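Listed below are the residues making up each chain.
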Amino acid sequence: AKKAAALEAERREGEARAREEEQIRARQAAEAKRIQRVEAERIQREREEHEAARVQEAQRKFEEEARLRMEHEAARRQEEAAVNSNDDAKAKETEAKHAEQARKKAR
């Protein structure tokens, strides 16, 4: 009977150890899953931040190019206006010279 009781106690201890080991493995597996999830979330967040930065940079470049085009166009118009103004002034000057010469001939 002692031997049977000792064997029974040993069996129970073995089962208890096996349950503890299973609980430890389950906790380790849960922790590994948690770590994997946290890492996946971090990677996703970094991707989103990188994409947002890329979009922001593209938007900045687009706006800069648009600003430069507008400045260039304004400068071109200003130059054109100056040329036209200069042409008008030359035309008036020539007209005045012709009028003066016509007056001299008329005398």
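One can find the structure itself at the top, above this paragraph.
Criteria and cut-off values
Residues numbered from 1 in each chain as written. Predicted model: local features only at pLDDT ≥ 70, side-chain atom pairs only at ≥ 80, totals over all residues. Heavy atoms only, no water. Helix = DSSP H or I, 4+ residues; strand = E, 2+ residues; numbered from the N terminus. Rg over C-alpha atoms; globule rule 2.2 N^0.38 Å. Buried < 20%, exposed > 50% of the residue type's maximum accessible area, 1.4 Å probe, protein only. Lys, Arg positive; Asp, Glu negative; His and termini not counted. Charge placed at Lys NZ, Arg CZ, Asp CG, Glu CD. Salt bridge = Lys/Arg side-chain N within 4 Å of Asp/Glu carboxyl O.

A.B. asks: Quick rundown of the overall build of the chain? Include the residues and the values.
C.D. replies: Along the chain, the regular secondary structure elements total one helix and zero strands. Taking 2.2 N^0.38 as the reference for a compact globule, 107 residues should give roughly 13 Å; the C-alpha atoms of the chain span a radius of gyration of 46 Å, well beyond that estimate. With the principal axes as the frame, the chain shows a C-alpha extent of 160 × 5 × 5 Å. Residue burial in the chain is summarised as follows: out of 107 residues, 0% are buried. For the chain, the distance from the average position of its 28 positive side-chain charges to the average position of its 27 negative side-chain charges is 0 Å.

A.B. asks: Kindly report on the pattern of salt bridges, identifying the contributing residues and their values.
C.D. replies: Applying the stated criterion to the full structure yields 17 salt bridges. Linking Arg42 and Glu46 is a salt bridge whose minimum nitrogen-to-oxygen distance equals 2.5 Å. Linking Arg42 with Glu46, this pair stays in helix H1 (residues 2-106), spanning four residues, or about one helical turn. Owing to a relative accessible area of 30%, Arg42 belongs among the partly exposed residues under this scheme.

A.B. asks: Provide a residue-level description of the environment of Glu22, including the pertinent values.
C.D. replies: Here Glu22 lies in helix H1. On the basis of relative accessible area, Glu22 is assigned to the partly exposed category, the value being 44%. In sequence terms Glu22 and Arg76 are 54 residues apart; their C-alpha atoms lie 80 Å from each other.

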